[in-house]
Amino acid sequence: MQDTPEKAAKPKKIQKLRARLPRGLGDRGPAEIAATRRMTETIREVYERYGFEPVETPAMEFTDALGKFLPDQDRPNEGVFSFQDDDEQWISLRYDLTAPLARYVAENFDHLPKPYRSYRAGYVYRNEKPGPGRFRQFMQFDADTVGSASPAADAEMCMMAADAMEALGIKRGQYVVKVNNRKVLDGMRQAIGVADDAQWLTVMRAIDKLDKFPIGEIIKLLTIGRWDGGEEGKGDFTKGAGLDEAHAGALANYIGEPSSENEAAYRYLFEPELVQLARDELRQISEIVTSAGYGDDRIRIDPSIVRGLEYYTGPVFEVELLLETNDEKGRPVRFGSVGGGGRYDGLVSRFRGEPVPATGFSIGVSRLQAALTLLGKLDVTPEFGPVVVTVFDRDRVADYQKMVAQLRNARIRAELYLGNPKNMGNQLKYADRRHSPCVIIQGSDEKAAGEVMLKDLILGAELSKLEGDRDAYLAKQSEAQTKVPEASLVEAVRKILDRHGVKWN
């Protein structure tokens, strides 16, 4: 008896890779990208009006060039994404656009005009715990003046921030630029006696959350810490700064409810010389912006403004949206800060070994775009797609491509349908999904007559609303589908585009 041959082994089932996006990141489609482009172009026009010029730095820098200004104890690499290259040098993705600028200015210091005024836009990366409104990648648009210690440079940043908000369609009374001075906090630090830099950074970040939490919660962050759920054991725990109750209460109340009475009550917190210098700088900024026509409804002094980054050394400013709306689930949304900046006189000096004053302002483009979209102040409707030349006869692809080339040479967006040309209905559906303003069809009859057929898809969409009005329907139907000589193709397409005001950026 012969041995039974073994059964052929079944081929292993191919394991499909699961398509998924890491937390804290987001994909963006054409409408969002077009909206971002319009926003950044508007901001750029404002920045250039103030005399700033563009510069671009890489997304990666040597880790020591970025400095240790963004600690996040819950994440590796202290809040930044880092790796070692083949010569064991540590490199990090930039966490903002300011630290790379400081490196650029220091490296090119002798060749740049001083003061040096530049702007740049780009994505930045934070190795932080993702959450609602907290992303690992987001876009910023910065402007900086390096080489001027004058409060006029800080005042200019505040005025430019206000002008940028209004250029983006945010009216006066719907935003405010708030200004404070970190020297006030430095004076408080001396009086309280906080020697540890990490502890003081925790203090400042606690104060920086004053727009999110009531005073009682801020005091918890300044002392023993707080639970996100409001009760012990509920939600995540944020470790406090470890101040005693007296200092924490005095500090939080002064910052949270600035008044002459508070100032008298908590005067023991201040080191007079530093605070006096800070007040003098704030007074100069206030005088400059007032003389330029910027009232308290646009720019005002606010002792609660801190800014979370450690490198600020003087005046700091923050743009806050005062509008409220509801999100897609109907929940109330308060946007808060959409931009900020301040003076960072020590950042360039780390490379130069000499004092180099600097000040700058950054708009959080991603955050502001989300806010403007919810407020209905940003057009997120899809941009018109290209004119689509359909393929009626697959043996005449070269003829159809010639039409596409004619349109492109006339600076009209156009494409040849590259899918399966078997079904004309599918080609028209494709053009609809591409938001195409019109399609071009040429069958054998049109070719023999030296003509092309144009279908106005925008007008065609309007026809569906007129089916109850026969006369109006018939009148528009004759416009929606027309035949023109091949030689008049470009002129006829342009006529349709002009009819509907179709323009591409």
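Check the entry above for the structure.
Residues numbered from 1 in each chain as written. Predicted model: local features only at pLDDT ≥ 70, side-chain atom pairs only at ≥ 80, totals over all residues. Heavy atoms only, no water.

Enquirer: Outline the packing of aromatic side chains, listing residues and values.
Expert: What the rule picks out here adds up to eight aromatic pairs. For the ring pair Y119 and F141, a centre distance of 5.8 Å and an interplane angle of 45° mean the geometry is tilted. On the criterion of sequence distance, the pair formed by Y119 in strand β5 (residues 116-125) and F141 in strand β6 (residues 137-146) is long-range, its members being 22 residues apart. Judged by relative accessible area, F141 falls into the buried class, the value being 3%. (Phe/Tyr/Trp six-rings, centres within 6.5 Å; stacked < 30°, edge-to-face > 60°. Helix = DSSP H or I, 4+ residues; strand = E, 2+ residues; numbered from the N terminus. Buried < 20%, exposed > 50% of the residue type's maximum accessible area, 1.4 Å probe, protein only.)

Enquirer: So what's going on with the sheet that holds strand β15 (residues 414-416)? Which residues, and what values?
Expert: Spatially, five strands are ordered β15-β14-β16-β17-β18 in an open sheet, and the strand pairing comes out mixed. Each having just a single partner strand, β15 and β18 (481-485) make up the two edges of the open sheet. The mean inter-strand angle of the sheet, taken between neighbouring strand axes irrespective of direction, is 25°. Contacting β14 (387-389), β15, β16 (438-441) and β17 (451-456), helix α13 (residues 397-409) crosses the sheet at an angle of about 170° to β15. Set on the sheet, helix α18 (residues 489-499) makes contact with β14, β16, β17 and β18; between it and β17 the angle comes to about 10°. (Pairing = 2+ DSSP bridges. Axes fitted to C-alpha atoms, helices over the stretch in contact; angles between N-to-C directions. Contact = heavy atoms within 4.5 Å.)

Enquirer: Got a sec to walk through the pairing of β6? Specific residues and values, please.
Expert: Within a regular beta strand, the side chains point alternately toward one face of the sheet and then the other, so they alternate between its two faces. With nine of its 10 residues buried, β6 lies for the most part within the structure. Sheet analysis places β5 next to β6, joined by 10 bridges and oriented antiparallel. Note on β6: the bridge partner recorded for Y119 is A143.

Enquirer: Tell me about the environment of H500, and name the residues and values.
Expert: Structurally, the position occupied by H500 is in the segment after α18. Judged by relative accessible area, which is 21%, H500 ranks as partly exposed. For the pair formed by H500 and L459, sequence separation is 41 residues and the distance between their alpha carbons is 8.8 Å. When sequence neighbours within four positions are dropped, the list of residues in contact with H500 reads D456, I458 and L459.

None of the figures reported here should be taken as evidence of function without further support.
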